[in-house]
Every structure is written in C-alpha cells, then in structure tokens.
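Geometric and topological summary
Read off the chains here:
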Amino acid sequence: MTWIFENWERFWEVTAVHLRLSVVPVLIGFVLAIPLGWWASRSNTARAVLFPFANVLFTIPSIALIVITPVLIGVKILDEINVIVPLVVYTVALMVRAVADALAAVPGNVVAAANAMGFRPLRRFLTVDFPLALPVTIAGLRVATVSNISMVSVGALVGLGGYGQLFTEGYQTDNTDKVLAGLIGTVVLALLADGLLLLVGRLLTPWARVGR
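Residues numbered from 1 in each chain as written. Predicted model: local features only at pLDDT ≥ 70, side-chain atom pairs only at ≥ 80, totals over all residues. Heavy atoms only, no water.

**A closer look at the UniProt feature "domain: ABC transmembrane type-1" (unreviewed entry) in the protein chain**
Mapped onto this structure's residue numbering, the UniProt feature "domain: ABC transmembrane type-1" (unreviewed entry) falls at residues 15–200. Strand forms 0% of residues 15–200 and helix 84%; the C-alpha atoms that close the span are 22 Å apart. (UniProt positions renumbered as here; feature names shortened; annotations may be inferred. Helix = DSSP H or I, 4+ residues; strand = E, 2+ residues; numbered from the N terminus.)

**Quick word on the layout of surface pockets**
Empty space within the largest pocket amounts to approximately 280 Å³. Around the largest pocket, the lining is made up of 14 residues, and of these Val23, Thr145, Ala193, Leu196 and Leu197 lie nearest the centre. For the lining of the largest pocket, the elements supplying multiple residues, two or more each, are helix H2 (8–42), helix H7 (121–151) and helix H9 (176–204). The element that contributes the greatest number of residues to the lining of the largest pocket is H2, accounting for six residues. Split by residue class, the lining of the largest pocket holds 12 nonpolar, two polar and no charged. (1 Å grid on protein atoms, 1.4 Å probe; cavity = no way out; pocket = protein on both sides within 12 Å on 5 of 7 lines; lining within 4 Å. Points joined across faces, edges and corners; volume = space filled by probe spheres on them. Nonpolar A, V, L, I, M, F, W, Y, C, P; charged D, E, K, R; others polar.)

**So, unusual backbone geometry**
Residue Asp174 is not a glycine yet carries a positive backbone phi of 55°. Among the secondary structure elements, Asp174 is positioned in the loop between helix H8 (163–173) and H9.

**Remarks on the packing of aromatic side chains**
The tally for this structure, following the rule as stated, stands at six aromatic pairs. Through successive ring pairs, a cluster of aromatic residues spans Phe5, Trp8, Phe11, Trp12 and Tyr163. Above the ring of Phe51, the side-chain terminus of Arg97 is found at 4.2 Å from the ring centroid. Positioned over the ring face of Phe119 is Arg123, at 4.0 Å from the centre of the ring. (Phe/Tyr/Trp six-rings, centres within 6.5 Å; stacked < 30°, edge-to-face > 60°. Lys NZ or Arg CZ within 6 Å of the ring centre and 35° of its normal.)

**A look at the pattern of salt bridges**
Enumeration over the complete set of coordinates arrives at six salt bridges. A salt bridge links Arg142 to Asp194, with the shortest nitrogen-to-oxygen separation between them at 2.8 Å. Of the two residues, Arg142 sits in helix H7 while Asp194 sits in helix H9, which places them 52 residues apart along the sequence. When its relative accessible area of 22% is taken as the criterion, Asp194 is described as partly exposed. One salt bridge connects Glu169 with Lys178, and the closest N-O pair in it is separated by 3.2 Å. (Salt bridge = Lys/Arg side-chain N within 4 Å of Asp/Glu carboxyl O. Buried < 20%, exposed > 50% of the residue type's maximum accessible area, 1.4 Å probe, protein only.)

Here it is, written out as structure tokens:
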C-alpha cells in the first residue's frame, strides 16, 4: 500500500492501461459471441462444432498466444493488439456457450407467443429472446471480464500488461511493495468490474428480482 500512495501517478497510469487492455477485448468478444451463441442455440451442428472449438481455444496458454499473435497478424511485439487479440479469443470462447445456453433457456411458450403476435426473427431476438437471456448472459460476461483482468498481466512478459509491469519490475528490483501494489490493483479492479456488471444486470432485468 505504501508504494501506491508514494507513486500515485504511476499507479493510475498502469491502471488505465490495464483497464483498457481488459475492457476492449471483452466488448469486442461479447459482440462476436452474440451471433455465434445465437447460431449454436438454433443448430445442433453449430453446437457440436463451436463448443469443442471454443474449449480448445481456451486451453491455449495465454503467453503462447500473445507471443505468436505478432507473427500471425504482422504487428510489432510491443503493440497492444498483441494482448487484445488473445483476450478477444478467450472472451469469445467463454461467451459462446453462455449466450447459447441463455438463449436456449428462454421459455418455449414465450417464443411461441411472440411468433403468434407476428414478431419477425430479428425483432423477436432483440425484444424478447435476448432480454430474457440477459441474466445468464451477464453471468457469463462477469466471468469473462474477471478472467481478462487477471490475464492482462501476462502481457508484461513481452513488455505490456498494466499491473503486470509492476510484477516484473518488482521481482527484478526485489521490491515487494511494487508487486503487492500490482496484486491489490488487479483484485480491486476485478471486484469493481464484477460488482458493476452485477448492478447492470439487476437494473436491466427487474423481472428477475420480482420473480424471486
């Protein structure tokens, strides 16, 4: 804690980097996972292909994916995209199943009622299916967000990574306070992000609270 107060500007600097490298992949991955999850919820073939593939992607070590990304997309090793791309992959891998399961759990009688009222597929998805799937979807998003916040630090091994830089600098200089500052920042940021998503989920799904 002492290091944080004595180096407040430096701490906020790495916090901003860590937050950016965490949030951007979550947003991109979430947007990509929605159509894939919808497809998986509608097709057994899609589920049979997407779910095992997502599991394989998530088993790839993050450091390996970060190191190989510059080779695959042709950017410099210190470009932030080398952290963003792997985390997008992990977010999609986590969220595809969450979105698919959430949409599959929408009550059939509600879907039938919407169809009977003349809802077209896109309108029904936006106004009926997806809103009712939000509780499960938000739960998956919370897991993906906290996971990303923890994995961003791995980027410090290639010169990126927000709080991860405090870890590597602390180990190299035998500065335990700097390592502790990075650890505290990571935990607090994860708790704040999880709490914010929980609040957003409650605000967007008031019927869930009424049901309980």
